[in-house]
Amino acid sequence: MRCALIGDPAEHSLSPAIHRDGYVRSGLDWRYDAITVSPADLDCFVSDCVADPQWAGLSVTAPHKEAVVAFGEPDHVTRLVGAGNTIVFHDRSPGNPPTIHNTDVPGFVRAWRARGLPAPRTAAIVGNGATARSILVALAGLHLTQAVVLARDPGRAARIVELGIALGIDTTVQPLEHHLPDVDLVASTIPAAATEPHADAWAASAQYLFDAVYHPWPTPLGAAAADHHTVLTGLDLLAGQAVDQFHLLTGGSVTFDDCHAAAAEELRRRGPSMEE
């Protein structure tokens, strides 16, 4: 059977290392690749996979997480976020389309709990795209009560603000340069370079930090974190989401620790400049 991570680009992904390690642990003679698929080629690529019974499913990364919702039957979390990261092809009988899943949401919760952290009550979420919306839904599951969305263009953040309000979270939007009050968590989902002018102020406002970027590390936000901070990275999210994704694609089981270790080992294998 075959699976792959699709994105544009995709070759940098650590997902092959995680899933291949899971195949070995589960005794599966499966293949997993990272394949760059442009937005223009996405429809044709997914259709070809659906038609080929060797394909079990796909992991999905930027810029396709929103577009893949249209390629099958999305689950509740995917509908809520408006974005998915997993397509499953297992049931090809007539009238049964692929299913679309979002494992980023439970993946963040899993990564948070793996650190033994208390539930955050207030948070600042930097960015307003698919990952930011997934983080907001995950935090709702951790009983977040108040969120401020920091956006480069607040006028384009209406969707995530409406989502927060629908989840029962007091949600507002501010520009990136907004002076943050103290919050439990600052979660950044934007490119590392864009955080640099604000990293020190954001780190000073929160005990817990999350940066979706994990390479190169440290990011400006990671470098601004003092010893008393607890920092989660995109590597934690990647490992957390892979647990459910592996099960959806194969029916097998992997642990958060195994996924994290496989990803970290691949970073080390690529050389010192790639290490976290």
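Residues numbered from 1 in each chain as written. Predicted model: local features only at pLDDT ≥ 70, side-chain atom pairs only at ≥ 80, totals over all residues. Heavy atoms only, no water.

(A) Geometry of the overall build of the protein. Counting secondary structure elements, the protein contains 11 helices and 12 strands. At 18 Å, the protein has a C-alpha radius of gyration in line with the 19 Å of a compact globule built from 276 residues. Taking all 276 residues of the protein together, 53% fall into the buried category. Intrachain contacts of the protein at a sequence separation of at least 6 include 65% that bridge at least 24 residues. (Helix = DSSP H or I, 4+ residues; strand = E, 2+ residues; numbered from the N terminus. Rg over C-alpha atoms; globule rule 2.2 N^0.38 Å. Buried < 20%, exposed > 50% of the residue type's maximum accessible area, 1.4 Å probe, protein only. Contact = heavy atoms within 4.5 Å.)

(B) Molecular detail of helix 1 (residues 15-26). Over its 12 residues, helix 1 extends 16 Å from the first C-alpha to the last, a length consistent with the 16 Å expected when each residue adds 1.5 Å. Inspection of helix 1 places Ser15, Pro16, Ala17, Ile18, His19, Gly22 and Tyr23 among the buried residues, and these make up the whole buried set. Each element contacted by the buried residues of helix 1 is listed here: strand 1 (2-7), strand 2 (31-36), strand 3 (55-60), helix 10 (234-250) and helix 11 (256-270). (Expected span 1.5 Å × (residues − 1).)

(C) Structural context of the pairing of strand 10 (residues 183-188). Extensive coverage of strand 10 is indicated by the burial of 5 of its 6 residues. Looking at chain direction, strand 7 (residues 122-126) and strand 10 are connected through 4 bridges and run parallel. Within the sheet, the bridge partner assigned to Ala124 lies in strand 10 and is Val186. Where strand 10 and strand 11 (residues 206-211) come together, 5 bridges link them in parallel fashion. Note on strand 11: the bridge partner recorded for Val183 is Ala206. (Pairing = 2+ DSSP bridges.)

(D) Looking closely at the sheet that holds strand 3. On the basis of which strands lie adjacent, the open sheet formed by 6 strands has the order 2-1-3-5-6-4 and mixed pairing. Two strands bound the open sheet, and with one partner strand each, they are strand 2 and strand 4 (73-74). Note: strand 1 against strand 3, 5 bridges, orientation parallel. The residue of strand 3 that forms the bridge with Arg2 is Trp55. Together, strand 1, strand 2, strand 3 and strand 5 (86-88) form the strand contacts of helix 2 (residues 42-51), whose direction differs from that of strand 3 by roughly 150 degrees. Its contacts with the sheet place helix 10 against strand 1, strand 2, strand 3, strand 5 and strand 6 (99-101), and it is angled at close to 15 degrees to strand 5. (Axes fitted to C-alpha atoms, helices over the stretch in contact; angles between N-to-C directions.)

(E) Spatial organisation of the packing of aromatic side chains. Across all of its chains, the model carries 6 aromatic pairs by this definition. Arranged with centres 6.1 Å apart and planes meeting at 75 degrees, the rings of Phe45 and Trp55 form a pair that is edge-to-face. Remark: Trp55 occurs in strand 3 and Phe45 occurs in helix 2; sequence separation between them is 10 residues. Just as Phe45 is buried, Trp55 falls in that class too. Look at Trp112 and Tyr208: their rings are 5.5 Å apart centre to centre, the planes differ by 75 degrees, and that puts the pair in the edge-to-face class. (Phe/Tyr/Trp six-rings, centres within 6.5 Å; stacked < 30°, edge-to-face > 60°.)

(F) Region of the structure containing the pattern of salt bridges. Counted under the stated rule, the structure contains 14 salt bridges. Linking Arg79 and Glu73 is a salt bridge whose minimum nitrogen-to-oxygen distance equals 2.5 Å. In this structure Arg79 comes out as exposed when scored by relative accessible area, which is 53%. When its relative accessible area of 41% is taken as the criterion, Glu73 is described as partly exposed. (Salt bridge = Lys/Arg side-chain N within 4 Å of Asp/Glu carboxyl O.)

(G) Quick look at the layout of surface pockets. Estimates place the volume of the largest pocket at around 1,400 Å³. For the lining of the largest pocket, the secondary-structure elements that each account for two or more residues are strand 3, helix 5 (130-141), strand 8 (146-151), helix 10 and helix 11. For the lining of the largest pocket, the residue count by class is 19 nonpolar, 16 polar and 10 charged. (1 Å grid on protein atoms, 1.4 Å probe; cavity = no way out; pocket = protein on both sides within 12 Å on 5 of 7 lines; lining within 4 Å. Points joined across faces, edges and corners; volume = space filled by probe spheres on them. Nonpolar A, V, L, I, M, F, W, Y, C, P; charged D, E, K, R; others polar.)

(H) Here's a closer look at the nonpolar core. Phe108, Trp112, Leu136, Leu139, Leu185 and Phe210 are the most contacted members of the largest nonpolar core, which totals 57 residues. Broken down by element, the residue count for this core peaks at 8 residues, all from helix 10. Residues within four places of Phe210 in sequence aside, it is in contact with Phe108, Ile135, Leu185, Val186, Ala187, Ser188, Leu221, Leu232, Thr233, Gly234 and Leu237. Grouped together as the second largest cluster of nonpolar side chains are 17 residues, Ala124, Leu150, Val186 and Leu221 included. (Core = buried A, V, L, I, M, F, W, Y, C linked by side-chain atoms within 4.5 Å.)

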